[in-house]
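# Chain and residue survey
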Amino acid sequence: MSTSSTLKPAEVAVALIEQAVAKHNTRLDKTFFKAVLAGVMLSFGGLLDLVISGGSAGLTASNPGIVKVLGGFVFPVGLVMIVLQGFDLLTSNLMIFPMAALKRAIPWWGVPLNWIVVFFGNLVGSLFFAAILSKYDGLMTDDPYASYVRSFAITKAITPGWYQIFLRGIGCNWLVCIAVWQGTGAQETFSKIIAIWFPVWVFVSCGFDHVIANMFSLSLSIMLHSELTTDLYIRKSLIASLIGNIIGGLFVGLPAVYFYLGDWHAGGMRDAEEARIERKDSGPSDSEKSG
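Since the model is a prediction, treat every value here as computed from it, not as a measurement.

## Details of helix α12 (residues 230-260)
If you check α12, its first and last C-alpha atoms are 43 Å apart, about what 31 residues at 1.5 Å a residue would give, namely 45 Å. Bending of α12 peaks at approximately 30° at the position of L238.

## As for a nonpolar patch on the surface
Taken together, W162, Y163, L167, I234, I239 and I243 make up a surface patch of nonpolar side chains, about 550 Å² in accessible area. When contributions to the nonpolar patch are tallied by element, the ones reaching two or more residues are α9 (162-185) and α12. Relative to the elements of secondary structure, I234 occurs in helix α12. Residue class for I234 comes out partly exposed when judged on its relative accessible area of 39%.

## Remarks on the packing of aromatic side chains
Tallied over the entire structure, the rule returns 14 aromatic pairs. Measuring from centroid to centroid gives 4.8 Å for F73 and W201, while their planes differ by 70°, and the two rings are edge-to-face. Of the two residues, F73 is situated in helix α4 (residues 64-74) and W201 in helix α10 (residues 189-206); the sequence distance between them amounts to 128 residues. Look at W201 and you get partly exposed, because its relative accessible area is 22%.

## Examining the pattern of salt bridges
According to the stated counting rule, one finds four salt bridges in the structure shown. We note a salt bridge from R27 to D29, for which the minimum N-O separation is 2.7 Å. R27 gets classed as exposed once you look at its relative accessible area, which sits at 52%. A residue is classified by how much of its surface remains accessible, and D29, at 36% relative accessible area, is partly exposed. Between D209 and K156 there is a salt bridge; the shortest N-O distance is 3.9 Å. Here K156 lies in helix α8 (residues 145-158) and D209 lies in the loop between α10 and α11 (211-223), a separation of 53 residues in the sequence. K156 shares its class with D209; the two are buried.

## Here's the deal with the state of the cysteines
In total, this model carries zero disulfides according to the counting rule given. Sulfur of C177: no disulfide; nearest cysteine sulfur belongs to C172 and is 8.7 Å away. The class of C177 is buried, set by a relative accessible area of 0%.

## Looking at unusual backbone geometry
Look at the link from D143 to P144: it is a cis peptide, with omega at 10°. Summarising the element assignment, P144 is placed in the loop between α7 (110-135) and α8. Even without glycine at this site, R104 takes up a positive phi of about 60°. Within the fold, R104 resides in the loop between α6 (90-102) and α7. We classify R104 as exposed; its relative accessible area is 64%. For H225, which is not glycine, the phi dihedral falls at a positive 65°.

## Regarding the confidence of the model for the protein chain
Scored by pLDDT, the protein chain comes out at a mean of 90, with 90% of its residues at no less than 70. Predicted confidence is poor over residues 275-279, with pLDDT under 50, and the contacts of this stretch with residues over four places away or in other chains come to eight contacts. Within the model, pLDDT remains below 50 along residues 284-291, and this stretch shows three contacts once partners closer than five positions in the same chain are excluded.

## Quick notes on the packing of α6 against α7
One can describe the packing of α6 onto α7 by two numbers: an axis separation of 10 Å at closest approach and a directional angle of 170°. Judged by the inter-axis angle, α6 sits roughly antiparallel to α7. Facing L90, N93, L94, F97, P98 and A101 of α6, the residues of α7 in contact are G110, V111, N114, W115, V118, F119 and N122. Here the contact of α6 with α7 is built from residues that sort into nine nonpolar, four polar and no charged.

Basis of the calculations
Residue numbering note: each chain is counted from 1, following its sequence as written. Reporting of local features is limited, given that this is a predicted model, to residues whose pLDDT is at least 70; pairs of side-chain atoms are given and counted only at 80 or more, and all residues count toward the totals for whole chains, interfaces and linings. By convention in this description, side-chain values take in all heavy atoms of the structure and omit both hydrogens and water. Secondary structure is summarised from DSSP: a helix means a run of H or I of at least four residues, a strand means a run of E of at least two, and numbering begins at the N terminus for each. One less than the residue count of a helix, multiplied by 1.5 Å, gives the span that helix is expected to have. At any given residue, the bend is defined as the angle formed between two axes, one fitted to the seven residues that end at that position and one fitted to the seven that begin there. For patches, a residue must show more than 30% relative accessible area and have no salt bridge; joins then use 9 Å for like charges and 5 Å for nonpolar side chains, namely Val, Leu, Ile, Met, Phe, Trp and Tyr. Here the open area of atoms and residues is found with the Shrake-Rupley method and a 1.4 Å probe, where only the protein chains shown may cover a residue. We define a salt bridge as a side-chain nitrogen of Lys or Arg found within 4 Å of a carboxyl oxygen belonging to Asp or Glu. Partly exposed residues are those whose accessible area sits between 20% and 50% of the maximum for their type, while under 20% is buried and over 50% is exposed, using a 1.4 Å probe and protein chains only. Centres within 6.5 Å are what make two rings of Phe, Tyr or Trp a pair, Trp counting through its six-membered ring; a difference in plane orientation under 30 degrees is then read as stacked, over 60 as edge-to-face, and the rest as tilted. Any pair of cysteine sulfurs within 2.5 Å is marked as a disulfide. For every residue, the predictor reports its confidence as pLDDT, a number between 0 and 100. Note on contacts: a residue pair qualifies if any of its non-hydrogen atoms lie within 4.5 Å across the two residues. Think of each axis as a best-fit line through the C-alpha atoms, taken over the contacting stretch in the case of a helix, with angles from 0 to 180 degrees between the N-to-C directions. When describing relative orientation, an angle under 35 degrees is termed roughly parallel and one over 145 degrees roughly antiparallel, while 65 to 115 degrees is termed roughly perpendicular and anything else oblique. Residues are sorted three ways: Asp, Glu, Lys and Arg are charged, Ala, Val, Leu, Ile, Met, Phe, Trp, Tyr, Cys and Pro are nonpolar, and all the rest, Gly among them, are polar.

What follows is the structure, encoded as structure tokens:
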């Protein structure tokens, strides 16, 4: 492994597969609750975005692009917290699990199993945050925020066509997975934050669709009685953005396998669990050396 502060692309690809192996071998209850907390963390960033965008009506009327850039700038805090705490977010797993399965580091059935568990964990965390920390605590129930959240649902999920949300989903997770790739390549905390921040800032400012972020913002709009219904949200936004996010993740993961992992084999990584990965990275402990 390189001693540089930044991993080479081939090293990043291997590190991502090692992450997938560790996640695959993690107990499902731990995976689920990590996903719940990831949904909460991402929603913190989403709430801050809504506070800035919803509270800037005058600026939106005169300079809507500036408001999008400002709201997009604060959103990445959620993904940063997820990565630094080691939680499970579906959109990054959409990239790393197919990579690991292609290299036979994990079985194929592990891909949909992880995706399903993490999807519902992220959903629970997002719904909890929307209901308890955004609606029932009163933060988003008064204008201008409530009106903005309701109008946001129209522009995000009602007005666009299904294919438009699908295409926006591709663009979103393409950028999110680039952020995760760059964050994995950075070897110290400040560099990780910067590496993650900019691609996520771009996707939010441009208005791409993140299936988990939408679980918070669009569910909150439904709770605040917007024109968006649960049925329409699932049929139009959730499914379209999810499929788009899957393809966006593959647009990063599959080229990485092709470019950098042609002669790489899983070897002893197949049975590695999270603790073993961490010990491998940090070196043997004193007790292990003496033993």
